[in-house]
Amino acid sequence: MNSLLKSSSPMAKVIPMEHKEDQFAALLEKVAIKQDIKAFEAIFNHFAPQIKGFARVNGISKLGENFPDELVQEVMTSVWRKAHQYDRTKAKASTWIFTIARNQRIDMLRRTSRQRFEVSSEDVWEEPEVDGPVVDVQRKHTEKLIRGHLMSLPEEQREVLGKVYMEEKSHQDVASELGIPLGTVKSRVRLALGKLKIMMEPWQ
Amino acid sequence: MTAIFHPDQHLLIEYAAGSLPIAKATMIALHLEHCTHCRQKVHQLEALGGQLLHDIKPEEQDSDLSSAWQNTLSMIQSTPVASPVKRKQSLMQRLFPQGFEHQSWSGVGPVKNAKLNNADPDMSNLSLLRIRAGAKIPVHHHHGEEWTLVLQGGFSDSYGNYHCGDLVVREDHDHHAPVAAANEDCICLTYVENNLKFSGPMGPIYSFISKL
Ligand SMILES: [Zn+2]
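Residues numbered from 1 in each chain as written. Chains lettered and ligands numbered in written order. Predicted model: local features only at pLDDT ≥ 70, side-chain atom pairs only at ≥ 80, totals over all residues. Heavy atoms only, no water.

(A) Spotlight on the overall build of chain A. Helix and strand content of chain A: 10 helices and zero strands. Taken from N to C terminus, the helices and strands of chain A fall in the order α-α-α-α-α-α-α-α-α-α. Put simply, chain A has 204 residues, and 55% of those count as buried. Once local pairs closer than 6 in sequence are excluded, the contacts in chain A between residues at least 24 apart make up 59%. (Helix = DSSP H or I, 4+ residues; strand = E, 2+ residues; numbered from the N terminus. Buried < 20%, exposed > 50% of the residue type's maximum accessible area, 1.4 Å probe, protein only. Contact = heavy atoms within 4.5 Å.)

Here's what the structure looks like:
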C-alpha cells in the first residue's frame, strides 16, 4: 500500500512556493477535481493508521473493537465527500483532516447514548475558515513553528498536549490522571504554546 | 462590534481539541462568530491538533486496514459528494431561525427565560435569558459554573460592562447582580451547571423561573 504514496507525482499546475511542502493538499485537490482514487488511496495510507491510533486512545475503542475501523471509514468517507470544500489557503491538509476526525469522534460518542440529536458536531465545530492574506502568512509561520518545535518540547509538555488533543481529555481529567494539580497542567500547556508561538491572548 | 470578554486559552484548547461538551462548545462557537482574535487562535490550535495527529506513531494493530479500505471504497461509491458551497447560515441563524421574538418566553416581571427550540438533551443546560432594558437581576449565587454570552443589548455588574459577543464565565461562589443596559432589552444565552439560588428579595420567584 505504501508504494502509492511514494509514486505520487507532483501537481502539474503552478503552486505558490509556501504551499509546496503540503503534498497531501495536492492529493486532496486531485480527489476533488478528478475523483482520483489513487490520490485518495495515498491519503488513506498515510492518515488511516493515524486515525486508528487516535481512536485507540480517545475513547472510541471503548465502544467496541470494530469502532476504531469505523472511525477510519467515517472520516475517510467524509474526506472523499468534502474534498472539494478543502482550501489549501485556509488550512494544511492535516489540520483539515484533524477537524473532520475530531467532529466524527464527537458524533460517534454521542450516537451511542441516543438515537438522534438535533445539533450535530458540524454545527458547532466548523471546519477551518480564516480570512485575509495577512492571516494566511501568519498562519504558515505558526504552522512551521509547530512542525519544527513540537518534537523538541520537554516530554512533560508534550505528554500533556497529547492527552488534551489525542485522548481528548479536559485539563481537569489530565490533572486527575497524572495526579498533579490543575494549575500545573495549565502551566505546562501555556509553556508549550509559548514555545510554539501560538498567539497569546491579543487583548492582554 | 468586537468582543472584549473572551474565553481563556484553556477553554479554546478544549474546544479545538473537541473535549468540551457540546453545550459549552456552542457558547464558544457563538463567541467565535463575533471574535476574529479567538477564531484565529482556534485555527492555530487546530493546526496543532493536525500536527499531533500527523505525528502519531501507529502501533502494530493500527496498520491492519485492509477491511477498512474495502469498506471505505464501498461507502464512497454509495454516498454522493457534499455540496461544493458550504452552508452560509451562521450557528446563530441555525439556533434561532426566527429570531428571539418567536421563542416561547416564560416568567413574570423584568426577567424572562426561554428554552432552546430544539429538544437536544445535550443542550439542556443552555437557555435564553431576557432582561428588560434597565432592569436588575437580584443578587444571586450559584453552585458550579455559570456562563453568559450576550446576544443582544448589554448588561453590567460589579466586574464590568458586557456587550454583544462577550462571554462571561463565572466560577462557583461568585456573587453578582447584573443590570441590563437602559436602551434595549438584553438577551443572553446562558449555560448553568446547577440551578441558581437567588438571595435577593425576589429570590423565590427567580429560583422558580430558573427551573422552568
Ligand atoms: Zn474572543
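(B) Molecular detail of the packing of aromatic side chains. Applying the stated criterion across every chain yields a total of 11 aromatic pairs over all chains. Residues F24 of chain A and F47 of chain A carry aromatic rings whose centres are separated by 5.1 Å and whose planes lie at 70° to one another, so their mutual orientation is edge-to-face. Here F47 of chain A lies in helix α3 (residues 37-57) and F24 of chain A lies in helix α2 (residues 23-34), a separation of 23 residues in the sequence. Classification of F47 of chain A by relative accessible area gives buried; the value is 0%. For the pair W125 of chain A and Y15 of chain B, a centre-to-centre distance of 5.8 Å together with 20° between the ring planes defines the contact as stacked. With W125 of chain A in the loop between α6 (121-124) and α7 (133-149) and Y15 of chain B in helix α1 (residues 9-17), this pair bridges two chains. An identical accessibility class is assigned to W125 of chain A and Y15 of chain B; each is buried. Members of the aromatic cluster, each reached through a chain of ring pairs, are F40, F44 and W80 of chain A together with W69 of chain B. The ring of W105 of chain B is capped by R130 of chain B, whose NZ or CZ atom sits 5.3 Å from the centre of that ring. A cation sits over an aromatic face here: R170 of chain B above Y159 of chain B, 4.1 Å from the ring centre. (Phe/Tyr/Trp six-rings, centres within 6.5 Å; stacked < 30°, edge-to-face > 60°. Lys NZ or Arg CZ within 6 Å of the ring centre and 35° of its normal.)

(C) Region of interest: the interface of chain A and chain B. Counting residues at the interface gives 83 residues for chain A, matched by 68 residues for chain B. Between chain A and chain B, a total of about 6,900 Å² is buried, with carbon and sulfur atoms accounting for 62% of that surface. On inspection of chain A and its partner chain B, the count reaches four salt bridges. Its salt-bridge partner being R94 of chain B, residue D123 of chain A comes within 3.0 Å of it at the nearest N-O pair. On the surface where chain A and chain B come into contact, there are 19 residue pairs in polar contact (both at pLDDT 80 or more). Every element with two or more residues in the side of chain A that touches chain B is listed here: α3, α4 (67-82), α5 (93-111), α6, α7, α8 (155-165) and α10 (182-195) of chain A. Here the element with the most residues in the side of chain A that touches chain B is α3 of chain A; it accounts for 14 residues. Of the residues assigned to the side of chain A that touches chain B, the class counts are 39 nonpolar, 16 polar and 28 charged. (Buried area = accessible area lost by both parts, 1.4 Å probe. Salt bridge = Lys/Arg side-chain N within 4 Å of Asp/Glu carboxyl O. Polar contact = N/O pair within 3.5 Å; in protein donor to acceptor, adjacent residues only side chain to side chain. Nonpolar A, V, L, I, M, F, W, Y, C, P; charged D, E, K, R; others polar.)

(D) Spatial organisation of α10 of chain A. Counted at 1.5 Å a residue, the expected span for α10 of chain A with its 14 residues is 20 Å, and the 20 Å between its end C-alpha atoms agrees. Residues of α10 of chain A that are buried include every one of V185, R188, V189, A192 and L193 of chain A, and no others. Taken around the axis of α10 of chain A, the buried residues stretch over an arc of 130°, which confines them to a single face. Tucked into the core, α10 of chain A has its buried residues touching α8 and α9 (171-178) of chain A together with α1 and α3 (36-55) of chain B. Among the residues trailing α10 of chain A, K197 of chain A stands out with phi positive, at a value near 55°. (Expected span 1.5 Å × (residues − 1). Arc of directions from axis to C-beta.)

(E) Quick peek at the coordination of the zinc ion. Residue and element names in this part refer to chain B. The protein atoms donating to the zinc ion are H6 (ND1), H31 (NE2), C35 (SG) and C38 (SG), with metal-donor distances spanning 2.0 to 2.3 Å. The motif formed by the donor residues of the zinc ion, counted along the single chain, is H-x24-H-x3-C-x2-C. One end of the pair, H6, is in the segment before α1; the other, C35, is in the loop between α2 (22-32) and α3, with 29 residues separating them in the sequence. One exposure class covers both H6 and C35, and it is buried. (Donors = N, O, S within 2.8 Å, 3.2 Å for Na, K, Ca; no water.)

(F) Region of the structure containing the nonpolar core. Counting residues in each nonpolar core, the largest one holds 98 residues, and the members touching the most others are Y165 of chain A together with Y15, L48 and L128 of chain B. For this core, the element with the highest residue contribution is α3 of chain A, accounting for 10 residues. Once residues within four sequence positions are removed from consideration, Y15 of chain B is found in contact with R102, V124, W125 and E126 of chain A together with L20, A25, I28, A29, L32 and V42 of chain B. With 12 residues, the next largest nonpolar core counts V111, A135, V168 and C186 of chain B among its residues. (Core = buried A, V, L, I, M, F, W, Y, C linked by side-chain atoms within 4.5 Å.)

(G) Broad picture of the pattern of salt bridges. In the structure shown here, the tally under the stated rule is 20 salt bridges over all chains. In this structure, D69 of chain A and K52 of chain A form a salt bridge, with 2.9 Å as the shortest nitrogen-oxygen distance. Here the residue D69 of chain A occupies a position in helix α4, and K52 of chain A occupies one in helix α3, the gap between them amounting to 17 residues. This pair shows no difference in class: D69 of chain A is buried, exactly as K52 of chain A is. One salt bridge connects E101 of chain B with R130 of chain B, and the closest N-O pair in it is separated by 3.3 Å.

(H) Fine view of the sheet that holds strand β9 (residues 186-192) of chain B. Residue and element names in this part refer to chain B. One open sheet accounts for five strands, arranged β1-β2-β9-β4-β7; its pairing is antiparallel. Where the open sheet ends on each side, the last strands, each with one partner, are β1 (111-115) and β7 (167-170). This sheet shows a mean twist of 25° between the axes of neighbouring strands, independent of strand direction. Relative to β9, strand β2 (residues 126-131) is paired through six bridges, and the arrangement is antiparallel. Bridge pairing links L128 to L189 in β9. Against the sheet, α2 engages β2, β4 (146-152), β7 and β9, with an angle of about 35° to β4. (Pairing = 2+ DSSP bridges. Axes fitted to C-alpha atoms, helices over the stretch in contact; angles between N-to-C directions.)

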